[in-house]
Amino acid sequence: MVLRKTGYVLLAVLAVALVGALVYAQGGGGGMGPGGGGMGPGMAPGGGMGRMLDQMSLTDAQKQAVRKVIAEKQTGRQDLRTELERLQAVAERKEATEADLKKAVAEYLAARDKVAKKNADLDRNLMKSLPVKAQAQLLVAGIVDNGGVRAGGRRAGAGGGAGGAGGAGGGGRMRGTPE
């Protein structure tokens, strides 16, 4: 019985670690760039985000809408991180029962789904209000959800260099795609 309970707790801890890694990989962790939890280089006043918005030929109202969506998404990520920490606390409690773990997992998944729906609505409404070139730029930058992929060629390790998606000398081209 004790071994079985230990197995469930271990499984829950591994699940929390996996979910945490996924949240981090999708931009929920760290402070670098649009997916990070903190203010990264693209978010600094007068930094990359300001320059990018200036290059999009947007009205001041459209620029403000983009900034508002970014801020709302960051708040959602912070709320989700809090929920993940609650799940982790339950998973790490030695006396946590299977029912406690199921409840904590269900609460986290519900919070995650709520944030995902809100972000999808924010993205959809923002995209409707912007010119198509700005839509493309926001998708490539990952500010609007692009499925978690990154465009190659501009970031170290994301293109054809050694260790990048294209492999050594791959030129940023994905395998199986025409040159």
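The structure we're discussing is the one just above.
This is a predicted model, so every value here is computed, not measured. (Residues numbered from 1 in each chain as written. Predicted model: local features only at pLDDT ≥ 70, side-chain atom pairs only at ≥ 80, totals over all residues. Heavy atoms only, no water.)

Colleague: I keep staring at the overall build of the protein and nothing clicks. Help me out?
Modeller: Helix and strand counts for the protein stand at five helices and zero strands. Of all 179 residues assigned to the protein, the portion counted as buried reaches 31%. Here the contacts in the protein between residues at least 6 apart in sequence split such that 46% fall between residues at least 24 apart. Carbon and sulfur atoms form 59% of the exposed surface of the protein, whose accessible area is close to 11600 Å². (Helix = DSSP H or I, 4+ residues; strand = E, 2+ residues; numbered from the N terminus. Buried < 20%, exposed > 50% of the residue type's maximum accessible area, 1.4 Å probe, protein only. Contact = heavy atoms within 4.5 Å. Areas by Shrake-Rupley, 256 points an atom, 1.4 Å probe, with all protein chains shown as cover.)

Colleague: Any chance you could explain the environment of S129 here in plain terms?
Modeller: Inspection of the secondary structure puts S129 in the loop between helix 4 (98–128) and helix 5 (132–141). As a C-alpha pair, S129 and A61 span 68 residues in sequence and 10.0 Å in three-dimensional space.

Colleague: Honestly, the packing of helix 3 (residues 60–92) against helix 4 in this entry has me stumped. Any pointers?
Modeller: Packed helix pairs are specified by the crossing angle of their axes together with the interaxial distance, meaning the distance between the axes. Their axes nearest at 9 Å, the elements helix 3 and helix 4 cross at an angle of 175°. With respect to each other, helix 3 and helix 4 are oriented roughly antiparallel. Tallied by class, the residues present in the contact of helix 3 with helix 4 amount to 16 nonpolar, two polar and eight charged. (Axes fitted to C-alpha atoms, helices over the stretch in contact; angles between N-to-C directions. Parallel < 35°, antiparallel > 145°, perpendicular 65-115°, else oblique. Nonpolar A, V, L, I, M, F, W, Y, C, P; charged D, E, K, R; others polar.)

Colleague: Quick question: what am I supposed to make of the pattern of salt bridges here?
Modeller: Where charged atoms from two side chains of opposite charge approach closely, those side chains can pair. This model, assessed by the stated rule, comprises eleven salt bridges. With its nearest N and O atoms 3.4 Å apart, the salt bridge here joins R93 to E95. When its relative accessible area of 53% is taken as the criterion, E95 is described as exposed. Salt bridges sharing partners connect three or more residues here, namely R93, E95 and D100. (Salt bridge = Lys/Arg side-chain N within 4 Å of Asp/Glu carboxyl O.)

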